[in-house]
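Below, each chain spelled out in residue letters.
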Amino acid sequence: KKMGSFSRKLGSPIDQLLVDIETKAHALGKQIGGKKGTALTKKILRKIMTEIAKCQWNKKLDFDLSNNIPSRSAEECILELFELDGVKFESSSSSMDEKDDV
């Protein structure tokens, strides 16, 4: 129920985005809804989301988005939200390098 609401607010399905978040969280030894110690914190989630947005930003540099794409991916929507929030991405930055803490 909440996923459907979030998808509508974001403007894109979030299924693949959740898989990406879970995969990256698992690589860090964290999980969504985990108990204390293994739980995914807001700070870690923001770093994961920033990494996903950076990847999307780099893809945006590599591909011509003027093609007729029927809908935007969740990653594109997240990237747009970060850009609207004033986050600047650089192509030389590596993943998980965001300096500001949440």
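Residues numbered from 1 in each chain as written. Predicted model: local features only at pLDDT ≥ 70, side-chain atom pairs only at ≥ 80, totals over all residues. Heavy atoms only, no water.

Overview of the overall build of the protein chain
Here comes step 1: Counting secondary structure elements, the protein chain contains four helices and zero strands.
Here comes step 2: Moving toward the C terminus, one meets the helices and strands of the protein chain in the order α-α-α-α.
Here comes step 3: Long-range pairs, those at least 24 residues apart, make up 62% of the contacts in the protein chain with a sequence separation of at least 6. (Helix = DSSP H or I, 4+ residues; strand = E, 2+ residues; numbered from the N terminus. Contact = heavy atoms within 4.5 Å.)

A look at the pattern of salt bridges
Here comes step 1: For the structure on display, the rule yields one salt bridge.
Here comes step 2: A salt bridge links Lys 24 to Glu 51; its shortest N-O distance comes to 3.4 Å. One end of the pair, Lys 24, is in helix H2 (residues 15–27); the other, Glu 51, is in helix H3 (residues 42–62), and 27 residues separate them in sequence.
Here comes step 3: Given the relative accessible area of 13%, Glu 51 is considered buried. (Salt bridge = Lys/Arg side-chain N within 4 Å of Asp/Glu carboxyl O. Buried < 20%, exposed > 50% of the residue type's maximum accessible area, 1.4 Å probe, protein only.)

Some points on the nonpolar core
Here comes step 1: Within the largest apolar cluster, 17 residues are counted, with the highest numbers of intra-cluster contacts made by Leu 17, Ile 21 and Ile 78.
Here comes step 2: When near neighbours in sequence (up to four residues on either side) are disregarded, Ile 21 contacts Ile 32, Leu 40, Leu 45, Ile 48, Met 49 and Ile 52. (Core = buried A, V, L, I, M, F, W, Y, C linked by side-chain atoms within 4.5 Å.)

Some points on the environment of Pro 13
Here comes step 1: For Pro 13, the position within the fold is in the loop between helix H1 (2–10) and H2.
Here comes step 2: Its relative accessible area of 60% is what places Pro 13 among the exposed residues.
Here comes step 3: For the pair Pro 13 and Met 3, spaced 10 residues apart in the sequence, the C-alpha separation amounts to 8.8 Å.
Here comes step 4: Those residues in contact with Pro 13 that lie beyond four places of it in its chain are Ser 7 and Ala 74.

Remarks on the side chain of Ser 7
Here comes step 1: As for its placement among the helices and strands, Ser 7 is situated in helix H1.
Here comes step 2: Beyond its immediate stretch of four places on either side in the chain, Ser 7 contacts Ser 12, Pro 13 and Ile 14.

What about helix H4 (residues 74–84)?
Here comes step 1: All buried positions along H4 are accounted for by Ala 74, Glu 75, Glu 76, Cys 77, Ile 78, Leu 79 and Phe 82.
Here comes step 2: Immediately beyond the C-terminal end of H4, within one or two residues, lies Gly 86, with a positive phi of roughly 95°.

Structural notes on the packing of H2 against H4
Here comes step 1: Closest axis-to-axis distance for the H2/H4 pair is 8 Å, and the angle between their directions is 75°. Here H4 runs roughly perpendicular to H2, going by the angle between their axes. Of the residues in H4, those touching H2 at Gln 16, Leu 17 and Asp 20 are Ala 74, Glu 75 and Ile 78.
Here comes step 2: Of the residues that constitute the contact of H2 with H4, the class distribution is three nonpolar, one polar and two charged. (Axes fitted to C-alpha atoms, helices over the stretch in contact; angles between N-to-C directions. Parallel < 35°, antiparallel > 145°, perpendicular 65-115°, else oblique. Nonpolar A, V, L, I, M, F, W, Y, C, P; charged D, E, K, R; others polar.)

Concerning the confidence of the model for the protein chain
Here comes step 1: Confidence along the protein chain averages 75 in pLDDT terms, with 75% of residues attaining 70 or more.
Here comes step 2: For the stretch residues 93–102, pLDDT sits under 50, and the model shows 15 contacts to residues farther than four places along the chain or on other chains. (pLDDT = per-residue confidence, 0-100.)

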